[in-house]
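Listed here are the chains, written in short residue letters.
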Amino acid sequence: MNKEKRHQILTRLRDDNPHPETELEYSSPFELLVAVTLSAQATDVGVNKATRKLFPVANTPQAILDIGHDTLRDYIKTIGLFNSKAANVYKMCQILVDQHNGIVPENREALEALPGVGRKTANVVLNTAFGWPTIAVDTHIFRVSNRTKLAMGKDVVAVEQKLEKVVPKEFKVDVHHWLILHGRYTCVARKPKCGSCIIEDLCEFKDKTE
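Anyway, here's the lowdown on the structure attached to this text. As the structure is a computational prediction, the values presented were derived from the model and not from experiment.

Re the nonpolar core
Point 1. Formed by 33 residues in total, the largest nonpolar core has its most connected members in L33 and L111.
Point 2. Contributions of two or more residues to this core are made by α2 (29–38), α3 (44–54), α4 (61–67), α6 (82–100) and α8 (119–128).
Point 3. Counting residues per element, this core draws most heavily on α2, which supplies seven residues.

Side note on the pattern of salt bridges
Point 1. In this structure the tally under the stated criterion is ten salt bridges.
Point 2. Of the charged contacts, one joins R14 and E170 as a salt bridge, the two residues approaching to 3.0 Å between their closest N and O atoms. A residue pair is termed long-range when its members are at least 10 positions apart, and R14 in helix α1 (residues 3–16) and E170 in helix α11 (residues 169–185) qualify at 156 residues.

Observations concerning helix α10 (residues 156–166)
Point 1. All buried positions along α10 are accounted for by A158, V159, E160, L163 and V166.
Point 2. Those residues of α10 that are buried lie in contact with α1, α8, α9 (139–148) and α11.
Point 3. For α10, the N-terminal capping position is held by D155, with its side-chain oxygen 3.2 Å away from the main-chain nitrogen of V157.

Focus on α1
Counting along an α-helix, one turn takes 3.6 residues, and residues three or four places apart therefore face a common direction.
Point 1. Taking 1.5 Å of rise per residue, the 14 residues of α1 would be expected to cover 20 Å, and the 20 Å separating its terminal C-alpha atoms lies within 8% of that figure.
Point 2. When we look at burial in α1, the residues that qualify are R6, I9, L10, T11 and L13.
Point 3. Looking at where α1 begins, the residue whose side-chain oxygen comes 3.2 Å from the main-chain nitrogen of E4 is N2.

Quick notes on the environment of K3
Point 1. Assignment of secondary structure puts K3 in helix α1.
Point 2. For the pair K3 and K169, spaced 166 residues apart in sequence, the C-alpha to C-alpha distance is 13 Å.

Looking at the packing of α8 against α11
Point 1. In contact at an axis separation of 10 Å, α8 and α11 are set at 125 degrees when each is read in the N-to-C sense. What the angle tells us is that α8 and α11 run oblique. Crossing handedness for the pair α8 and α11: left-handed. Along its contact with α8, which presents V124, N127 and T128, the element α11 presents K172, V173, H176 and H177.
Point 2. Class assignment of the residues belonging to the contact of α8 with α11 gives a composition of two nonpolar, four polar and one charged.

Considerations on the packing of α9 against α10
Point 1. At their nearest, the axes of α9 and α10 sit 10 Å apart, and the two run at 60 degrees to each other. For the pair α9 and α10, the sense of crossing is left-handed. Counted together, I141, F142, S145 and N146 of α9 and V156, V159 and L163 of α10 form the full contact between these two elements.
Point 2. Of the residues belonging to the contact of α9 with α10, the class tally is five nonpolar, two polar and no charged.

Some thoughts on unusual backbone geometry
Point 1. The residue L81 is not glycine, and still its phi comes out positive at about 60 degrees.
Point 2. Inspection of the secondary structure puts L81 in the loop between α5 (69–75) and α6.
Point 3. You can call L81 partly exposed: its relative accessible area is 48%.
Point 4. Even without being glycine, K149 reaches a positive phi, approximately 75 degrees.
Point 5. Among the secondary structure elements, K149 is positioned in the loop between α9 and α10.

A look at the packing of aromatic side chains
Point 1. In total, this model carries one aromatic pair according to the counting rule given.
Point 2. Directly above the ring of F205 sits R147, whose terminal nitrogen or CZ lies 5.2 Å from the centroid.

Section: the environment of L202
Point 1. Considering the arrangement of structural elements, one finds L202 in the segment after α11.
Point 2. Once the C-alpha coordinates of L202 and Q8 are considered, the two residues, 194 residues apart in sequence, prove to be 7.9 Å apart.

Rules used in this analysis
- Residues numbered from 1 in each chain as written.
- Predicted model: local features only at pLDDT ≥ 70, side-chain atom pairs only at ≥ 80, totals over all residues.
- Heavy atoms only, no water.
- Core = buried A, V, L, I, M, F, W, Y, C linked by side-chain atoms within 4.5 Å.
- Buried < 20%, exposed > 50% of the residue type's maximum accessible area, 1.4 Å probe, protein only.
- Helix = DSSP H or I, 4+ residues; strand = E, 2+ residues; numbered from the N terminus.
- Salt bridge = Lys/Arg side-chain N within 4 Å of Asp/Glu carboxyl O.
- Contact = heavy atoms within 4.5 Å.
- Polar contact = N/O pair within 3.5 Å; in protein donor to acceptor, adjacent residues only side chain to side chain.
- Expected span 1.5 Å × (residues − 1).
- Axes fitted to C-alpha atoms, helices over the stretch in contact; angles between N-to-C directions.
- Parallel < 35°, antiparallel > 145°, perpendicular 65-115°, else oblique.
- Left-handed = near helix turned anticlockwise from the far one by under 90°.
- Nonpolar A, V, L, I, M, F, W, Y, C, P; charged D, E, K, R; others polar.
- Phe/Tyr/Trp six-rings, centres within 6.5 Å; stacked < 30°, edge-to-face > 60°.
- Lys NZ or Arg CZ within 6 Å of the ring centre and 35° of its normal.

Structure representation (structure tokens):
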């Protein structure tokens, strides 16, 4: 895909949604960190249902340590992999209290050192909580980037690197949200909704649907 076409695609996505936001509900960097950690192999809807009950009771690292691991696990037991996620979040809270004064660090290396936090989660937190121009590539973004030919790659890291290279600076802060929402609601996995897609004429996917 050429530079001009990429710019047109991103311009249309921006015009359609000038201020995109994550669908995870949060009111602080810590709440976002917990929500993103819980969202692995789970839906944002499912995570929000659990955190709506958890966060009013405990929404700081120390507060989660105070309610204890077992109570934390009970709050998130409706989410897939809740046992391992509860263990990770609890250990994460201990490290945040012991090493970071209970504050989420605005630092990739420190974030990735936390239990349950990989590159994608760190990218989401840096982007959404702190406004960094990072691009977290999940299954939706991987699919949209390859299908449209916006940024092709054999794995999520390759797609992230390609997006970092080809997305102009003016779009970088928001491109993660535009692509994930596009993949979630329009360029869906089984049968993309090409007929209602605002970038259909620019997309280079060969097997377009009605």
